[in-house]
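Observations on chain architecture
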Amino acid sequence: VPSLRLQDPPLLPCGKPHSVVAHTTIMFAFKYIAVVAFVFSGYCANALRYIPEHARGGSLAATHPELLPPVPEQAGARFINVPLDHFDDKNAETFPLRYYIDTSCWNAENGVIFVEMGGEGPAGGIGGCNALALKHHAMNVAVEHRYYGESIPNNDRTVSNLKYLTVEQNLADTAYIIEAIQKNLTKRQVVVNFGGSYSGATAAWFRVKYPHVTHAASSSSGVVNAILNFTAFDEVVAAAIDRPVPGCANRLRAVTSAMETGFAAGKDAVKKMMYILYLQFKCHRSRRFISYNYDLAQHFRLLSAGKLIMLHVMVACVIRTQTVL
């Protein structure tokens, strides 16, 4: 992509170049058109109101449940007590693990059981009878990964308790739930488990580890080759960031270093840094800018007055390093 960087454009009050104002106006027009289109499309396409089906198990769905479609009554959350340690017979401790079942298009005679593997985040529920489930008369099952959402053993995330947070325990949890479901059916049904990225890897591993429980697995972008301290992905991201604006990656590294220093100094230092960043973006006078935004959105959660709050911090390459530090 060719660089569109401008050279010292005229500045308006608060350091906003004319081109930025024009860009803002154009973006506002696009947003207005998008809102109008969205409203009218709602009369003919309810799906546009919600997160796409393939993205309903991600972090956006976890933080914005209002963007998820209503969960059918028969697909409400359920809990089952699973062993804290599936591999220690002397440990009888259990904890409630959350999962979802949707039987709105289920046929007990020839239906298939679709099992969505738990990922590294809260379970987003089940959106109802989708096209694939309808085609195969399937029962949809979604399992929440232990230590996420409402499936935290003893509500304890201390380091000593995290020894039970392993892939093997997660796979055993899934097998435990599937077997519990099968026991309530008149006959055993075919099971297909699936997932993407990390849960894509667990889907593949689950098929290998429990071939007697599942008949097939769909692993989408499954990271089955686990590599310790894997940095190649970050290297690709750094190269992509540097392409439109050389030096952007180093400025981002400086910002990251400053954030780490702030967190090490305590929450007051981080709050101060958040405020500085806010002021810089609200009224920065740097003459270095890009007519189209290459901004990086980072979400920092801070504990304030005992409540978890979300701070949306925009870290852009247009701000000089010294103004952030």
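Going by the structure above, here's the rest.
Presented here is an overview of the structure given in this document.

Reading guide: rules and limits
- Residues numbered from 1 in each chain as written.
- Predicted model: local features only at pLDDT ≥ 70, side-chain atom pairs only at ≥ 80, totals over all residues.
- Heavy atoms only, no water.
- Helix = DSSP H or I, 4+ residues; strand = E, 2+ residues; numbered from the N terminus.
- Buried < 20%, exposed > 50% of the residue type's maximum accessible area, 1.4 Å probe, protein only.
- Contact = heavy atoms within 4.5 Å.
- Areas by Shrake-Rupley, 256 points an atom, 1.4 Å probe, with all protein chains shown as cover.
- Pairing = 2+ DSSP bridges.
- Right-handed = clockwise from strand over helix to strand, strands pointing away.
- Axes fitted to C-alpha atoms, helices over the stretch in contact; angles between N-to-C directions.
- Core = buried A, V, L, I, M, F, W, Y, C linked by side-chain atoms within 4.5 Å.
- Salt bridge = Lys/Arg side-chain N within 4 Å of Asp/Glu carboxyl O.

**Comments concerning the overall build of the protein chain**
Of the regular secondary structure elements, the protein chain holds nine helices and eight strands. In the protein chain, which comprises 325 residues, the proportion classed as buried is 35%. A separation threshold of at least 6 residues defines the contact pool for the protein chain, and within that pool the share at least 24 residues apart is 63%. If you sum the accessible surface of the protein chain, you get close to 19,600 Å²; carbon and sulfur atoms cover 59% of it.

**Digging into the pairing of strand β6 (residues 216-220)**
Looking at chain direction, strand β5 (residues 191-196) and β6 are connected through five bridges and run parallel. Bridging from a neighbouring strand, G195 pairs with S219 of β6. One crossover worth recording links β5 to the parallel β6 by way of helix α5 (residues 198-209), and it is right-handed.

**Topic: the sheet that holds strand β2 (residues 94-102)**
Judged by pairing direction, the sheet is mixed, and its six strands sit side by side in the order β1-β2-β4-β3-β5-β6 without closing on themselves. Each edge of the sheet is formed by a strand with only one pairing partner; in this case those strands are β1 (77-83) and β6. Adjacent strand axes in the sheet meet at a mean angle of 25° when their direction is disregarded. With four bridges connecting them, strand β3 (residues 113-116) and strand β4 (residues 139-143) associate as parallel partners. The residue of β4 that forms the bridge with V115 is V141.

**Notes on the environment of M117**
Checked against the element boundaries, M117 lands in the loop between β3 and α3 (131-135). Residues within four places of M117 in sequence aside, it is in contact with V143, L171, T174, N193, F194, S199, T202, A203 and F206.

**Observations regarding the nonpolar core**
By size, the foremost hydrophobic cluster in this structure holds 28 residues, and its most contacted members are I113, V141 and F206. Breaking this core down by element, the ones donating at least two residues are β1, β2, β3, β4, α4 (167-183) and α5. Counting residues per element, this core draws most heavily on α4, which supplies six residues. When neighbours within four sequence positions are excluded, V141 is seen to be in contact with Y100, I101, I113, F114, V115, E116, I126 and I181.

**Some remarks on the environment of P83**
Summarising the element assignment, P83 is placed in strand β1. Residues P83 and E93 lie ten residues apart in sequence; the distance between their C-alpha atoms is 6.0 Å. Apart from the residues within four sequence positions on either side, P83 is in contact with E93, T94, F95, R146, D173 and Y176.

**Section: unusual backbone geometry**
Phi is positive for Y147, which is not a glycine, with a value near 75°. Secondary-structure assignment places Y147 in the loop between β4 and α4. Exposure remark for Y147: the relative accessible area of 3% places this residue in the buried category.

**As for the pattern of salt bridges**
Once the charged atoms of two side chains with opposite charge are near each other, the side chains can pair. Under the counting rule described, the total for this entry stands at four salt bridges. For R98, the salt bridge goes to E144, with nearest N and O atoms at 2.5 Å. Placement of R98 in strand β2 and of E144 in the loop between β4 and α4 is noted, with a sequence separation of 46 residues between them. Both residues of the pair, R98 and E144, count as buried. For D173, the salt bridge identified is with R146, shortest N-O distance 2.7 Å. A residue pair is termed long-range when its members are at least 10 positions apart, and D173 in helix α4 and R146 in the loop between β4 and α4 qualify at 27 residues. Given a relative accessible area of 1%, D173 falls into the buried group. The exposure class of R146 is buried, given its relative accessible area of 0%.

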